[in-house]
Amino acid sequence: VCYEGDISPIFLALGKNYGLKTISLDFFAPINESLCTSMKDGLGMNDTLDSLELNCIPMCDDKTDLWCRAFSFFRPNETLKSLVVLVKNGYSERCVSAFLINIAAMLQQNASLESLSIICGSKIKVEEYRALVVALQHNTTRKYLNLDDKDFHLTDDEDKQMVSLLKKNYALERLPDIGLVGDVGAILRLNA
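Figured I'd write up the structure that's included with this text. In this text the structure is predicted, and so the values were computed from the model without any measurement.

## Things to note about the nonpolar core
For step 1, the next point in the chain: Counting 57 residues, the largest nonpolar core has F11, M39 and F71 as the members making the most contacts within it.
For step 2, the next point in the chain: Broken down by element, this core gets its largest block of residues, eight residues, from helix α4 (residues 93-107).
For step 3, the next point in the chain: In this structure F11 touches L25, F27, L35, S38, M39, G42, L43 and L54, once residues within four positions along its chain are discounted.

Laid out in structure tokens, this is it:
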């Protein structure tokens with residue numbers, strides 16, 4: 001859906017959806033209280049949607065808390081299997097870091113999501129990546145995590161830390177940001 005007006009009604013309607021399984025939305029306006037509430041409520045009540053793609057999300061420092069509240073819908077969600085979030089350029093690293101930390105906290109309570117892609121186009125800190133993997137470590141449904149950081153390289157110590165985390169998660173099969181190299185790659189291949 002590509003809609004240039006207020007998309008709050010679309011999210012609210014998803015709370016009463018009984019057949020739509022996949023939706024892709026492009027954002028053209030920044031988030032406000034109304035959109036935040038409609039996303040949280042509409043998607044929180046939805047029990048049929050299994051794939052959601054949100055494109056061109058305009059994230060800025062003064063609205064990060066609204067985005068985090070809006071995404072709280074997938075804490076209790078039991079049907080969503082794939083979530084793709086493409087963040088629009090023009091944000092600070094602090095803003096993306098806060099968003100990723102909140103997503104990691106929400107992942108600990110979600111038992112259905114198999115694939116998560118958050119594409120920001122910025123350098124992700126190892127600590128943020130590790131926090132997301134830690135959030136996934138006791139989950140048996142998550143198979144794929146992509147933060148689209150093409151220049152993400154682990155030092156030997158970071159590789160060892162990641163290996164110890166991945167040994168506790170037998171479901172995670174793909175981390176495209178890290179690839180299939182080293183001990184991390186060996187564990188991911190075994191999981192697959």
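Having seen it, we continue.
## Topic: the sheet that holds strand β5 (residues 144-146)
For step 1, the next point in the chain: An order of β1-β2-β3-β4-β5 is seen for the five strands of this open sheet, with the pairing classed as parallel. Only two strands of the sheet have a single neighbouring strand rather than two, namely β1 (22-26) and β5. When strand polarity is set aside, the average angle formed by the axes of neighbouring strands in this sheet is 5 degrees.
For step 2, the next point in the chain: Running at roughly 170 degrees to strand β4 (residues 115-119), α4 makes contact with β3 (82-87) and β4 of the sheet.

## Structural notes on helix α6 (residues 156-166)
Counting along an α-helix, one turn takes 3.6 residues, and residues three or four places apart therefore face a common direction.
For step 1, the next point in the chain: Listed in full, the buried residues belonging to α6 are E158, D159, M162, V163, L165 and L166. The arc enclosing the buried residues of α6, seen along the axis, measures out at 160 degrees, which places them on a common side. For α6, exposure combined with an orientation more than 90 degrees from the buried face picks out D156, D157 and K160.

## Focus: the pattern of salt bridges
For step 1, the next point in the chain: Tallying each qualifying case throughout the model produces one salt bridge.
For step 2, the next point in the chain: Put simply, R69 and E33 hold a salt bridge, and the shortest N to O gap is 3.0 Å. Within this pair, whereas R69 is found in helix α3 (residues 64-70), its partner E33 is found in helix α2 (residues 33-45), the two being separated by 36 residues in sequence.

## Brief notes about the state of the cysteines
Two cysteines whose sulfur atoms are joined by a covalent bond form what is called a disulfide.
For step 1, the next point in the chain: What the rule picks out here adds up to zero disulfides.
For step 2, the next point in the chain: Residue C36 stays outside any disulfide, its sulfur separated by 9.4 Å from that of C68, the closest cysteine.
For step 3, the next point in the chain: Note on C68: relative accessible area 8%, which makes it buried.

## What about unusual backbone geometry?
For step 1, the next point in the chain: The backbone of C56 shows a phi angle near 60 degrees, a positive value even though the residue is not glycine.
For step 2, the next point in the chain: Under the relative-accessibility criterion, C56 is labelled partly exposed at 36%.

## Focus: the packing of α6 against helix α7 (residues 182-191)
Geometrically, a packed helix pair is captured by the angle between its two axes and the distance between the axes.
For step 1, the next point in the chain: With their axes 8 Å apart at the nearest point, α6 and α7 run at an angle of 20 degrees to one another. The pairing of α6 with α7 is recorded here as roughly parallel in orientation. Classified by chirality, the crossing of α7 by α6 is left-handed. Contacts between α6 and α7 involve D159, M162, V163 and L166 from the first element and D183, V184, I187 and L188 from the second.
For step 2, the next point in the chain: Partitioning the contact of α6 with α7 into residue classes produces six nonpolar, no polar and two charged.

## Re α2
For step 1, the next point in the chain: Over its 13 residues, α2 extends 18 Å from the first C-alpha to the last, a length consistent with the 18 Å expected when each residue adds 1.5 Å.
For step 2, the next point in the chain: Residues L35, C36, S38, M39, G42 and L43 constitute the buried set of α2.
For step 3, the next point in the chain: Tucked inside the fold, the buried residues of α2 contact α1 (8-14), β2 (51-57) and α3.
For step 4, the next point in the chain: Put simply, N32 is the residue that caps the front of α2, since its side-chain oxygen is 3.1 Å from the backbone nitrogen of S34.

Cut-offs used in this document
- Residues numbered from 1 in each chain as written.
- Predicted model: local features only at pLDDT ≥ 70, side-chain atom pairs only at ≥ 80, totals over all residues.
- Heavy atoms only, no water.
- Core = buried A, V, L, I, M, F, W, Y, C linked by side-chain atoms within 4.5 Å.
- Buried < 20%, exposed > 50% of the residue type's maximum accessible area, 1.4 Å probe, protein only.
- Helix = DSSP H or I, 4+ residues; strand = E, 2+ residues; numbered from the N terminus.
- Contact = heavy atoms within 4.5 Å.
- Pairing = 2+ DSSP bridges.
- Axes fitted to C-alpha atoms, helices over the stretch in contact; angles between N-to-C directions.
- Arc of directions from axis to C-beta.
- Salt bridge = Lys/Arg side-chain N within 4 Å of Asp/Glu carboxyl O.
- Disulfide = S-S within 2.5 Å.
- Parallel < 35°, antiparallel > 145°, perpendicular 65-115°, else oblique.
- Left-handed = near helix turned anticlockwise from the far one by under 90°.
- Nonpolar A, V, L, I, M, F, W, Y, C, P; charged D, E, K, R; others polar.
- Expected span 1.5 Å × (residues − 1).
- Polar contact = N/O pair within 3.5 Å; in protein donor to acceptor, adjacent residues only side chain to side chain.

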